[in-house]
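Given next are the chains, with one letter for each unit.
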Amino acid sequence: PVLTGGPSTRQVKLDKECELRVEVSPEAPLRLRILSGTAEIFGTEIPPEIWLTFPPSLKFAVFTWYGATIELDGTTETDYTADETPMISYVNVHAVLEGRRNRAKASPDDSVSSQGPRVIVVGPTDSGKSTLSRMLLSWAAKQGWKPTYVDLDVGQGSITIPGCIAATPIEMPIDSVEGIPLEMPLVYYYGQVSPSLNADLYKVLVKELAQTLERQFAGNAESRAAGMVINTMGWIEGVGYELLLHAIETFNVTVVLVLGQEKLCSMLKDVLKSKPGVDVVKLQKSGGVVSRSGKVRNIARKSRIREYFYGPSNDLSPHSNVVNFNDLSLYRIGGGPQAPRSALPIGAEPAADPTRLVPVNINTDLLHLVLAVSFAKEPDQIISSNVAGFIYITDIDMQRKKITYLAPSAGELPSKFLIVGTLAYIEN
Ligand code: ATP
């Protein structure tokens, strides 16, 4: 309901438990503020009276528990008020998790009961998994917990760039505009945007990430009690389903939240019923979730990479560096040529090792690729090492044997071992 209308500002009154669903115009940003009452965006409260600026094309909802009046300044692609949302069921899940966190905190010395809830959010593409993960994390952070966010979706990347699996503690409700702060997340580089291309490598990296988190939890009762929220990809059939089961097992998940798919929910209930201590809960998908086409996802991936180097509001300036070919050592993981049959003993089948390290020669094919900088000290540690960050190749001079790359900060790279994947980025 529009109450007043200026040339471009207008007020919207929201009744309790309603939300305003907004798609910002693709051309220009939108400003928004709260005039009265309280409201939140995906679990993070909107500060009173301050104008917030949302970038073009962003899709979000302003939800109020008790009623609010908000003011908009600018144009939207669409905006409408919805009075039917699944928010009550979501906040009920939060309340149950909260109880489990408190119980975990009460017994810090017991290695089993001191472990807070380990939640995984699963469902088809565009069911609102990332959004629900975000709400659960922000609500927990608001109450003083520091839950760990784990993102296993190599297709989008909500912690760092696509092609990675990553984890980071969430210490404050997630900023509605800036998203998750990029402070030292724990990142493993898979190098592709679909896990199907090398599912075995994907599993190996998921395991490495889980083991590293397990070690961190062992020494930190606070984050152990806060637990984790794991966001997954929308691929839930065939190998995708197996990868979900693998993640549930590997992270010792205790709560599986299934968004908007009856079949997936009953399959998971069936296979997990033999495991006491794992709850499978079906939740309704929000009618506000916006479906995204392959093209839109591609654009989103590109802007994630751009954001990594230039900041969410274009406020960072990456550094350009030049190094000699000899100063770097590049590897690709898996996918290398198989041993020819003639080189094998009679009867043996050639097998491509999915986690084989293949050295990569530097040539102009690497132009515009995004490479991960490994923390490995030796090549044989590359697969089990997390990555420090990413560089982007902007020039290759074959004659002088020099590479020019962009990095988020100046100075020498933390290691000369770089991992090559298929992620590319073209500036325009
Ligand atoms: P994927 O399969 O790509 O991982 P997903 O299931 O994680 O997708 P989300 O990313 O949570 O889905 O949601 C898809 C889009 O819908 C996002 O742009 C999100 O901001 C938007 N969205 C989610 N809930 C709402 C809502 N209630 N109102 C308006 N927009 C929403």
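Refer to the structure printed above.
Residues numbered from 1 in each chain as written. Predicted model: local features only at pLDDT ≥ 70, side-chain atom pairs only at ≥ 80, totals over all residues. Heavy atoms only, no water.

J.: Where do I start with the pairing of strand β23 (residues 402-407) in this structure?
T.: Each regular strand carries side chains that alternate between the two faces of the sheet. In terms of residue burial, β23 counts as a mostly covered element, since 5 of its 6 residues are buried. Taken together, the 6 bridges between strand β18 (residues 319-324) and β23 define a ladder with antiparallel strand orientation. Bridge assignment links serine 320 to a residue of β23, and that residue is leucine 406. A loop of 4 residues connects strand β22 (residues 387-397) with β23, the two strands running antiparallel in sequence, and lysine 401 in this loop sits at a positive phi of about 55°. (Buried < 20%, exposed > 50% of the residue type's maximum accessible area, 1.4 Å probe, protein only. Helix = DSSP H or I, 4+ residues; strand = E, 2+ residues; numbered from the N terminus. Pairing = 2+ DSSP bridges.)

J.: When you look at the packing of aromatic side chains in this model, what are you seeing that I'm missing?
T.: To describe a pair of aromatic rings, one takes the distance between the centres and the angle between the planes. Enumeration over the complete set of coordinates arrives at 10 aromatic pairs. Ring centres 4.9 Å apart and planes at 90° place the aromatic pair tyrosine 308 and phenylalanine 309 in the edge-to-face group. Residue tyrosine 308 shares its accessibility class with phenylalanine 309, and that shared class is buried. The interplanar angle of 75° and the centroid separation of 5.2 Å between the aromatic rings of tyrosine 392 and tyrosine 425 together place this pair among those described as edge-to-face. Separated by 33 residues along the polypeptide, tyrosine 392 in strand β22 and tyrosine 425 in the segment after β24 (417-424) bring together distant segments of the chain. (Phe/Tyr/Trp six-rings, centres within 6.5 Å; stacked < 30°, edge-to-face > 60°.)

J.: Would you explain the side chain of serine 374 in this entry?
T.: Structurally, the position occupied by serine 374 is in strand β21 (residues 369-374). Within the structure, the side chain of serine 374 is placed 2.9 Å from the backbone nitrogen of alanine 376, a separation counted as a polar contact. The residues touching serine 374, leaving out its near neighbours within four places in the chain, are Ile382, Ser385, Asn386, Val387, Ser415, Phe417 and Ile419. (Polar contact = N/O pair within 3.5 Å; in protein donor to acceptor, adjacent residues only side chain to side chain. Contact = heavy atoms within 4.5 Å.)

J.: What exactly am I supposed to notice about the site of the ligand here?
T.: The full set close to the ligand counts 20 residues, and Lys59, Ser130, Thr131, Arg292 and Arg297 are the nearest of them. For the ligand, an oxygen atom lies 3.0 Å from a polar atom in the backbone of valine 290. Contact distances for the ligand include 2.8 Å between an oxygen atom and a side-chain N or O atom of arginine 292. For the ligand, whose free accessible area comes to 630 Å², the fraction covered by protein is 92%. (Near = heavy atom within 4 Å. Areas by Shrake-Rupley, 256 points an atom, 1.4 Å probe, with all protein chains shown as cover.)

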